[in-house]
Amino acid sequence: MSSNNPIGVFDSGVGGLSVLREIRVQMPNENIIYFGDQVHVPYGPRPMEQIQNFSEGITKFLLKHNSKIIVVACNTASAAALKYLRETFPDVQFVGMEPAVKPAAEKTQTGKVGVLATPATFQGALYASVVERFANGVELFQNTCTGLVGQIEKGALDSPETRAILESALLPMLEKNIDTVVLGCTHYPFVIPLIEEIAGKNVRVIDPAPAVAKQVKRLLEAGGLLSQRAEEGQFRFMTSGEADSVRVSLNLLLGIDGEIETVTWMDDLIIR
Ligand code: DGL
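Here the structure is a predicted model, which means the values were calculated and not measured.

Colleague: Before we go on, may I ask you to explain the layout of surface pockets in this structure?
Modeller: Where empty space is left becomes clear once a probe the size of a water molecule has been rolled over the atoms. Approximately 460 Å³ is the volume found for the largest pocket. Taken together, 20 residues form the lining of the largest pocket, with Gly-96, Met-97, Glu-98, Ala-211 and Val-212 sitting closest to its centre. Listing elements by their share of the lining of the largest pocket, those giving two or more residues are α3 (75-88), β4 (94-95), α4 (101-107), α6 (125-134) and α10 (209-222). Element by element, the count of residues in the lining of the largest pocket is highest for α10, at five residues. Across the lining of the largest pocket, the residue classes tally to 14 nonpolar, two polar and four charged.

Right, here's the structure in full:
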């Protein structure tokens, strides 16, 4: 394994870009290969087993492209498949997402915290274990924000529909006096301005991306795999969906005008 190999990052769609953004801030010299499974987005309402199959196929694809570490930049795929991926690929290092209940429980003053995530994330054993280990008597209010991932995929970061979804999720929690909101889906950081507008500045919004990027860096450093490249790293974006719509999102979300490569699922494998 060479330190020049890329970091592999995947999500059901553009959500993982909120994690990629932080990886680029903390490790600007790394090459990154990003896979967005736009043909299957959203993952949230799908059965766990199907999400596992997708995650396994994407992992094989990212390994074929020599990824030195794989970042499961999707809470839903982490909830459904991270354990399975670690068992199936014991030699591969994975970094996954888990809802940031721990920092939220440590910081809340009112003892009430909102958690926004997809149905699969709330159903998985990972969420139950995070709550059991870290909630520490803090009251959690959950909402699945139905339709929000789709709005963000199409770049509707401030549309009336997006606002309505967020209001119906947040207003009942705000009435219960939450002072902290955990973003348990990597798509949601892209609507933080709208969340702050609805919830007000006194409500803390927790985006776990900086902590996840830090963990990636720590693991690479420990394995002697941090890039020694002096110049800025390259970024490849691959999608199983439509290049044109992804290009627009990439520009809107990260201000990047990049080449988008399209790939196709063939049964359980991804081919180019
Ligand atoms: N970004 C994913 C997550 O973090 C997307 C969810 C979905 O595809 O439903 O959960």
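Colleague: Before we go on, may I ask you to explain helix α2 (residues 48-64) in this structure?
Modeller: Structural remark: α-helix, 3.6 residues per turn; residues separated by three or four positions point the same way. Along its 17 residues, α2 runs 24 Å from first to last C-alpha, staying within 8% of the 24 Å computed at 1.5 Å per residue. Within α2 the residues assigned to the buried category are Ile-51, Phe-54, Ser-55, Glu-56, Gly-57, Ile-58, Thr-59, Phe-61 and Leu-62. A positive backbone phi angle near 65° is found at Asn-66, which sits one or two residues after α2.

Colleague: Is there a simple way to think about unusual backbone geometry in this case?
Modeller: In most cases, non-glycine residues show a negative phi, while peptide bonds are predominantly trans. Residue Pro-42 is bonded to the preceding Val-41 through a cis peptide linkage, with omega at 0°. On the secondary structure map, Pro-42 appears in the loop between β2 (32-36) and α2. Although it is not a glycine, Asn-66 adopts a positive phi angle of roughly 65°. Of note, Asn-66 is situated in the loop between α2 and β3 (69-72). In this model, Asp-267 sits at a positive phi of 55°, which is unusual for a non-glycine residue.

Colleague: What's the story with the sheet that holds strand β5 (residues 112-116) in this structure? I'm lost.
Modeller: Two pairing modes exist for strands in a sheet, parallel and antiparallel, and in both the strands are linked by backbone hydrogen bonds. Read across the open sheet, the four strands follow the order β6-β5-β7-β8; overall the sheet is parallel. The sheet terminates laterally at β6 (139-143) and β8 (204-206), the two strands that pair on one side only. Neighbour-to-neighbour, the strand axes of the sheet open up by a mean angle of 20°, direction not taken into account. Two strands pair when backbone bridges link them, and β5 and strand β7 (residues 180-183) are joined in this way by four bridges, in the parallel orientation. Bridge assignment links Val-113 to a residue of β7, and that residue is Thr-180. Along the sheet, helix α8 (residues 160-175) makes contact with β5, β6 and β7, crossing β5 at roughly 165°. Along the sheet, helix α9 (residues 192-199) makes contact with β5, β7 and β8, crossing β8 at roughly 150°.

Colleague: Quick question: what am I supposed to make of the site of the ligand here?
Modeller: For the ligand, the set of nearby residues contains 14 residues, the closest of which are Ser-12, Tyr-43, Asn-75, Thr-76 and Thr-186. Between the ligand and Ser-12 there is a distance of 2.6 Å, counted from an oxygen atom to a side-chain nitrogen or oxygen. A distance of 2.8 Å separates a nitrogen atom of the ligand from a polar atom in the side chain of His-187. Against a free-state accessible area of 290 Å², the protein chains account for coverage of 99% of the ligand. Here the residues of the shell around the ligand sort into six nonpolar, seven polar and one charged.

Each value, and the rule that gives it
- Residues numbered from 1 in each chain as written.
- Predicted model: local features only at pLDDT ≥ 70, side-chain atom pairs only at ≥ 80, totals over all residues.
- Heavy atoms only, no water.
- 1 Å grid on protein atoms, 1.4 Å probe; cavity = no way out; pocket = protein on both sides within 12 Å on 5 of 7 lines; lining within 4 Å.
- Points joined across faces, edges and corners; volume = space filled by probe spheres on them.
- Helix = DSSP H or I, 4+ residues; strand = E, 2+ residues; numbered from the N terminus.
- Nonpolar A, V, L, I, M, F, W, Y, C, P; charged D, E, K, R; others polar.
- Expected span 1.5 Å × (residues − 1).
- Buried < 20%, exposed > 50% of the residue type's maximum accessible area, 1.4 Å probe, protein only.
- Pairing = 2+ DSSP bridges.
- Axes fitted to C-alpha atoms, helices over the stretch in contact; angles between N-to-C directions.
- Contact = heavy atoms within 4.5 Å.
- Near = heavy atom within 4 Å.
- Polar contact = N/O pair within 3.5 Å; in protein donor to acceptor, adjacent residues only side chain to side chain.
- Areas by Shrake-Rupley, 256 points an atom, 1.4 Å probe, with all protein chains shown as cover.

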